[in-house]
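# Examination of the molecular architecture
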Amino acid sequence: MTDIPEGPEPSFYVPDEVKVYKTAAGTDLTAHIFRPDKKSEQEINSAFVFFHPGGWTMGEPAWGYDLCRHFASKGMFSVSFQYRLSSIGGFSPVDALKDVKSAVRWTRKNAEEFNIDPQKIAAGAISAGAHLSTCAASIDGFDDESDDLSISPVPDVLVLQSAVLNTAIISDFSFVLQGREKPESLSPVHHIKPGLPPMCLIHGMSDDLVPFDSAEEYALKTAEAGNRCDLHPFENTDHFFGNVDGSEVFKIIEEFFKSTGLI
């Protein structure tokens, strides 16, 4: 599966700071930070952490700069994270999931430094990044041995666009797993349980890479388990949302964040 064949247009924005949040297998993984617009230095903010798309094989934090800058303008401490890719160094989604959990823990661990509420961390993600974020919220284990396991890797809120929620139906997922796990082991729909964070799913009804039916199934089963899962279908829109005005997506996310007390 290839989420974005050539990548998005370069962002006009640049991060305020780039920090190494973790070193794994000799690779420094970076957090690209956008500090919030706010009236007071003493104001405690919520956080928006972003994980890019790219079919687990490609992508970079810069793909999330526009989103991070937008939510920083709403007063959220925003970070676009790097994670390990299967096309570089022989890694797999197992490693990427460890990185996503580490990233959430790192954000929560440094809450005082970043002036954020550690219980108001929203993960925003697209496609493969959305898959990894949902796994971090719902699947136990797959922790990096260097992590402080006393810190939760579960985001408090999830906003997911074009999310891969059933890896058993994605043929390329078995390939990128490289035999390290069965697809169902890292498949969110196979790990639904009570107590999951509130979720907002945004999905194109004409998505030919990740069928809309899989998002519909996940939303239904998640709600049946007693969790909040808001599904927002977009008609005549494919996996890449290329024909959608981004302001429409921003509006949905902002309303969801307001309803969960993040902004």
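Everything numeric here is computed off the predicted structure, so don't read it as measured data. Residue positions are counted from 1 within each chain, in the order its sequence is given. Local features in this predicted model are restricted to residues whose pLDDT is 70 or higher, and side-chain atom pairs enter the listing and the counts only when it is 80 or higher, whereas totals over whole chains, interfaces and linings include all residues. Here the side-chain values reflect all heavy atoms present in the structure, with hydrogen atoms and water set aside.

### A short note on the sheet that holds strand β8 (residues 229-234)
Spelled out, the test is: For two strands to pair, DSSP has to find at least two bridges joining them. Strands are runs of DSSP state E lasting at least 2 residues, helices are runs of H or I lasting at least 4, and numbering of each runs from the N terminus. To define axes, lines are fitted to C-alpha atoms, for helices over the stretch in contact only, and angles between the resulting N-to-C directions are given on a 0 to 180 degree scale. Contacts were defined at the residue level, with two residues in contact if any of their heavy atoms lie within 4.5 Å.
Spatial ordering of the open sheet is given by β1-β2-β4-β3-β5-β6-β7-β8, a layout of eight strands whose pairing is mixed. The outermost strands of the open sheet, each flanked by one partner alone, are β1 (17-24) and β8. Strand-to-strand, the axes of this sheet are offset by a mean angle of 20°, without reference to chain direction. Bridge count between strand β2 (residues 27-34) and strand β4 (residues 77-81): four bridges; the pairing is antiparallel. Within β4, the position partnered with Ala31 by the bridge is Phe81. Strands β7 (199-204) and β8 of the sheet are contacted by helix α6 (residues 212-224), whose axis makes an angle of about 160° with β8.

### Concerning helix α2 (residues 93-109)
An α-helical segment advances 3.6 residues per turn. Residues three or four places apart therefore align on the same side. Note the threshold: In this analysis, the expected span of each helix is defined as 1.5 Å times one less than the number of residues it contains. Buried residues are those whose accessible area, probed at 1.4 Å on protein chains only, stays under 20% of the maximum for their type, while exposed residues exceed 50% and partly exposed ones sit between those limits.
Over its 17 residues, α2 runs 24 Å from end to end, which matches the ideal 24 Å to within 8%, given 1.5 Å per residue. Of all 17 residues that make up α2, 15 are buried, and the element is covered over most of its length.

### Here we look at helix α7 (residues 246-259)
Between its first and last C-alpha, α7 extends 20 Å over 14 residues, near the 20 Å set by a 1.5 Å rise per residue. Those residues of α7 not exposed but buried are Val249, Ile252, Ile253, Glu254, Phe256 and Phe257. Looking at the buried positions of α7, the neighbouring elements they touch are β3 (45-51), α1 (65-72), β5 (116-126), β6 (157-161), β7 and β8. Directly beyond the C-terminal end of α7, a positive phi value near 80° is found at Gly261.

### Quick notes on the pattern of salt bridges
For the record, the criterion: Any Lys or Arg side-chain nitrogen located within 4 Å of an Asp or Glu carboxyl oxygen qualifies as a salt bridge.
In the structure shown here, the tally under the stated rule is 16 salt bridges. Across the pair Glu113 and Lys19 runs a salt bridge, and its minimum N-O distance is 2.5 Å. Taken together, the positions of Glu113 in helix α3 (residues 111-114) and Lys19 in strand β1 put the pair 94 residues apart, joining distant regions of the chain. With relative accessibility at 47%, the residue Glu113 sits in the partly exposed group. Ionic pairing is found between Asp99 and Arg84, a salt bridge with its closest N-O pair at 2.9 Å. Of this pair, Asp99 sits in helix α2 while Arg84 sits in the loop between β4 and α2, placing them 15 residues apart in sequence. Across this residue pair, the class does not change: Asp99 and Arg84 are buried. Connected via shared salt-bridge partners are Lys22, Arg84, Asp95, Asp99, Asp144 and Arg180.

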